[in-house]
Amino acid sequence: MNLLPAMTPAPSDTTIPTLGPCLIHSPLHRIGGVDAPFKVDAVDRILYHSHLLEEGRDVSSPSYEEAGPREMVYFDPPKTTVGIVTCGGLCPGLNDIIRGIVHRCHHQYGVARVYGFRYGYEGLVQRFGHTPLLLKPSSVDQGHHFGGTMLGSSRGKQDIGEMVDTLEDMKVDILFVIGGDGTLRGAAEIAKEIERRGLKKAIVGIPKTIDNDIRYLDKSFGFETAFDAAVQAVKCAYVEATGAVNGVGLVKLMGRDSGFIACYAALAGSNVDFVLIPEVHFELDGEGGLLEFLRQRLMKRGSAVIVVAEGAGQHLMQTSDETDASGNKRYGDIGPFLKDRINAFFKTRKTEVNLKYIDPSYIVRSVPANAQDNVYCSRLAQNAVHAAMAGKTNMLVGRWHGSFVHLPLDLVINGRRKVDPTQELWHSVLECTGQPAVMK
Ligand code: ATP
Ligand code: MG
């Protein structure tokens with residue numbers, strides 16, 4: 001949404017008056033008795049313009065191609081066949097994206113047909129026998145009221161050549177691939193094979209990550225719904241904790257490598273005492289460990305809530321080298337591990353604690369998208385269709401600084417966005433929980 005007013009403010013219009021020089025050291029320099037590991041001086045300025053098109057702007061700065069409809073398109077709509085596939089784990093909004101693509105393709109462009117491939121990349125491999133669905137607006141109309149994906153999903157590596165054979169056999173011109181990092185790596189491989197065969201087929205990704213961990217994008221679909229659902233779990237943990245003697249509410253949330261949901265859920269509820277995320281190392285034992293800080297918090301307040309992201313504290317557990325069908329490492333289960341360690345710690349001190357453990361993971365990922373995500377998914381789908389019809393390929397659509405943009409797949413698939421413990425988000429979490437910046 002472009003909300004820029006017509007008149008650009010002059011630099012002098014944006015100056016904020018101050019009462020005088022600041023001569024007193026902020027207490028934020030020290031958190032929990034140690035120097036804060038982040039800068040507490042917000043001195044950067046935020047650029048007013050996010051577009052480079054007007055005269056006089058420095059176009060050598062890094063920038064993305066803007067998404068949106070093009071006057072001229074590459075594919076002739078009545079002769080165009082479209083495919084959609086959803087892969088990997090569930091995430092709120094998948095059905096909204098499918099619905100959005102089908103609607104735009106039929107109503108705005110009038111494409112010949114849209115196929116929905118079933119059960120992830122398996123649906124593109126004919127020997128699995130998953131017959132593709134012919135998707136009409138009427139067949140997807142109510143999809144956004146439900147969580148999950150109406151096409152089904154799967155993990156597990158599939159042969160790239162066989163998948164491209166299917167696209168050739170079915171004369172699919174455009175394939176929309178909705179999925180996470182693994183899926184998008186697969187999409188980039190498919191695009192490469194298409195190029196190697198000299199075919200004219202567009203591969204357009206729509207990144208799915210409940211963890212909001214896609215690099216170079218400011219928001220992924222489903223994230224807001226997911227953390228809404230996570231906040232409900234944290235509220236329940238608070239109720240449980242405050243209703244018992246030395247009550248501890250322990251909630252495990254999604255976040256294998258990035259702790260965004262844990263951070264936002266804690267900030268939204270404002271009644272969390274400790275947030276544990278993969279990006280911030282912590283220890284359990286010793287004077288500076290979590291357990292001792294928890295003991296102090298219980299003495300002071302009589303209850304505590306801990307939110308732990310699933311990828312946090314992996315070094316504390318013995319983990320195996322096992323992987324899932326897609327080759328992702330299987331993580332140790334930090335929730336029950338922490339529960340046992342907390343109970344054992346207080347048992348040896350003969351102190352009563354009443355710990356309630358809540359693991360809402362499947363509830364968080366399978367709920368229908370909320371109204372914000374309904375709108376966001378619909379606009380992502382719309383822009384994905386515009387890009388593909390214009391013959392763009394090996395790319396994904398996303399949002400940056402509030403604008404919808406095109407990004408090359410290769411830029412995004414080699415790495416993840418993480419919570420930066422030196423930046424403002426983690427700073428806010430420490431302020432809101434009052435937990436020590438260092439626990440080791
Ligand atoms: P999630 O967020 O749930 O992890 P994901 O898309 O990363 O989503 P994966 O199960 O890792 O989920 O991968 C989805 C699909 O992509 C699987 O079928 C997997 O085999 C395939 N895939 C992953 N990496 C590659 C790759 N490098 N080349 C081809 N296919 C891949
Ligand atoms: Mg993945």
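In this text, all values refer to a predicted model and were calculated from it rather than measured experimentally. Residue numbers here run from 1 along each chain, matching the order of that chain's written sequence. Chains and ligands are labelled sequentially in the order written, the chains with letters from A and the ligands with numbers from 1. Per-residue local features of the predicted model are confined to residues with pLDDT of at least 70, and side-chain atom pairs are confined, for both listing and counting, to 80 or more; whole-chain, interface and lining totals are unaffected and use all residues. Note that water and hydrogens are dropped before the side-chain values are worked out from all heavy atoms of the structure.

## Some points on the sheet that holds strand 7 (residues 174-179)
Part 1 of the argument: Strands pair, by our definition, only if DSSP identifies at least two bridges between them. In this text, helices come from DSSP runs of H or I with a minimum length of four residues, and strands from runs of E with a minimum of two, each type numbered from the N-terminal end. Across the sheet, 8 strands lie side by side as 3-14-13-8-7-4-5-6; this open sheet has mixed pairing. With one partner strand each, in any of the chains shown, strand 3 (65-66) and strand 6 (133-134) form the two edges of the open sheet.
Part 2 of the argument: Inspection of the sheet shows strand 5 (residues 113-116) paired to strand 6 by 2 bridges, in the antiparallel sense. The partner of glycine 116 across the bridge, within strand 6, is leucine 133.

## Some points on the side chain of glutamine 158
Part 1 of the argument: Locating glutamine 158 in the fold gives a position in the loop between helix 2 (137-140) and helix 3 (160-169).
Part 2 of the argument: Residue classification places glutamine 158 among the buried residues on the basis of a relative accessible area of 12%.
Part 3 of the argument: In this structure the side chain of glutamine 158 is engaged in a polar contact, spanning 3.5 Å, whose partner is the backbone oxygen of glycine 156.
Part 4 of the argument: When neighbours within four sequence positions are excluded, glutamine 158 is seen to be in contact with Tyr121, Glu122, Val125, Phe128 and Met163. Buried, partly exposed and exposed residues are distinguished by accessible area as a fraction of the type maximum, computed with a 1.4 Å probe on protein chains only: under 20%, between the cut-offs, and over 50%, respectively. We define a polar contact as two N or O atoms separated by no more than 3.5 Å, with the added condition that, inside protein, one atom must be a possible hydrogen donor and the other a possible acceptor, whereas residues neighbouring each other in sequence contribute only through side-chain atom pairs. Pairs of residues are marked as contacts when any of their non-hydrogen atoms sit within 4.5 Å.

## Observations concerning the nonpolar core
Part 1 of the argument: Working definition of a nonpolar core: buried Ala, Val, Leu, Ile, Met, Phe, Trp, Tyr and Cys residues. They are joined through side-chain atoms within 4.5 Å. Counting 70 residues, the largest nonpolar core has Ile84, Ile101, Phe176 and Phe221 as its most contacted members.
Part 2 of the argument: Phenylalanine 176 has contacts with Val82, Gly83, Ile84, Val85, Ile101, Cys105, Val204, Ala384, Val385 and Ala388, leaving out every residue within four places of it along the chain.
Part 3 of the argument: Listed in part, the 28 residues of the second largest apolar core include Phe117, Leu124, Leu167 and Ala188.

## Points about the UniProt feature "binding site: substrate" (unreviewed entry) in the protein chain
Part 1 of the argument: UniProt positions are given in the numbering used here, feature names are shortened, and annotations may be inferred rather than shown by experiment. On the UniProt side, "binding site: substrate" (unreviewed entry) is annotated at positions that read Thr209, Ile210, Asp211, Met254, Gly255, Arg256, Glu310, Tyr362, Ile363, Val364 and Arg365 here.
Part 2 of the argument: Tracing the backbone through its elements, the reader meets isoleucine 210 in the loop between strand 8 (202-207) and helix 5 (223-242).
Part 3 of the argument: Since its relative accessible area comes to 9%, isoleucine 210 is described here as buried.
Part 4 of the argument: Aside from chain neighbours lying at most four places away, what touches isoleucine 210 is Leu90, Cys91, Pro92, Phe223, Ala226, Met254, Ile261, Val364 and Arg365.
Part 5 of the argument: Residue class for isoleucine 363 comes out exposed when judged on its relative accessible area of 58%.

## Some points on the environment of asparagine 271
Part 1 of the argument: Within the element layout of this structure, asparagine 271 appears in the loop between helix 6 (260-269) and strand 10 (274-276).
Part 2 of the argument: For asparagine 271, a relative accessible area of 18% puts it in the buried group.
Part 3 of the argument: Note: C-alpha distance between asparagine 271 and tyrosine 238 (33 residues apart in sequence) is 7.0 Å.
Part 4 of the argument: Sequence-distant contacts of asparagine 271, that is, excluding residues within four places in its chain, are made with Val234, Tyr238, Ala266 and Val305.

## Points about the UniProt feature "active site" (unreviewed entry) in the protein chain
Part 1 of the argument: Those places that UniProt annotates as "active site" (unreviewed entry) correspond, in this numbering, to Asp211.
Part 2 of the argument: For aspartate 211, a relative accessible area of 9% corresponds to the buried category.
Part 3 of the argument: Ignoring anything within four residues of it in the chain, the contact list for aspartate 211 reads Phe223, Met254, Gly255, Arg256, Ser258, Phe260 and Ile261.

## Remarks on the site of ligand 1
Part 1 of the argument: Neighbouring residues are identified by heavy atoms, a residue being near a molecule or strand if any of them is within 4 Å of it. In the vicinity of ligand 1 there are 18 residues, among which Gly89, Gly156, Asp181, Thr183 and Ser326 approach most closely.
Part 2 of the argument: Between ligand 1 and glycine 89, the relevant distance is 2.7 Å, taken from an oxygen atom to a main-chain nitrogen or oxygen of the residue.
Part 3 of the argument: Note that an oxygen atom of ligand 1 is positioned 3.1 Å from one of the side-chain N or O atoms of lysine 208.
Part 4 of the argument: Residue burial considers only the protein chains on display, and all accessible areas are found by Shrake-Rupley using a 1.4 Å probe. Contact with the protein chains removes 87% of the 620 Å² of surface that ligand 1 exposes when unbound.
Part 5 of the argument: The biggest single contributor to the shell around ligand 1 is helix 4 (residues 181-196), with 6 residues.

## Structural notes on helix 4
Part 1 of the argument: The end-to-end C-alpha distance of helix 4, which contains 16 residues, comes to 23 Å, matching closely the 22 Å that a straight helix rising 1.5 Å per residue would cover.
Part 2 of the argument: What helix 4 keeps buried is the set Thr183, Leu184, Gly186, Ala187, Ala188, Ile190, Ala191, Glu193 and Ile194.
Part 3 of the argument: The secondary structure elements touched by the buried residues of helix 4 are helix 3, strand 7, strand 8, strand 13 (395-400) and helix 11 (409-413).
Part 4 of the argument: Once helix 4 finishes, glycine 198 follows within two positions and takes phi at roughly 70 degrees, a positive value. Helix span, as expected, comes to 1.5 Å for every residue beyond the first.

## What to know about the environment of aspartate 257
Part 1 of the argument: Mapped onto the fold, aspartate 257 is located in the loop between strand 9 (247-253) and helix 6.
Part 2 of the argument: A C-alpha to C-alpha distance of 8.9 Å links aspartate 257 and arginine 417, two positions 160 residues apart in sequence.
Part 3 of the argument: For aspartate 257, the residues in contact, after removing those within four places along its chain, are Pro278, Glu279, Tyr331, Arg416 and Lys418.

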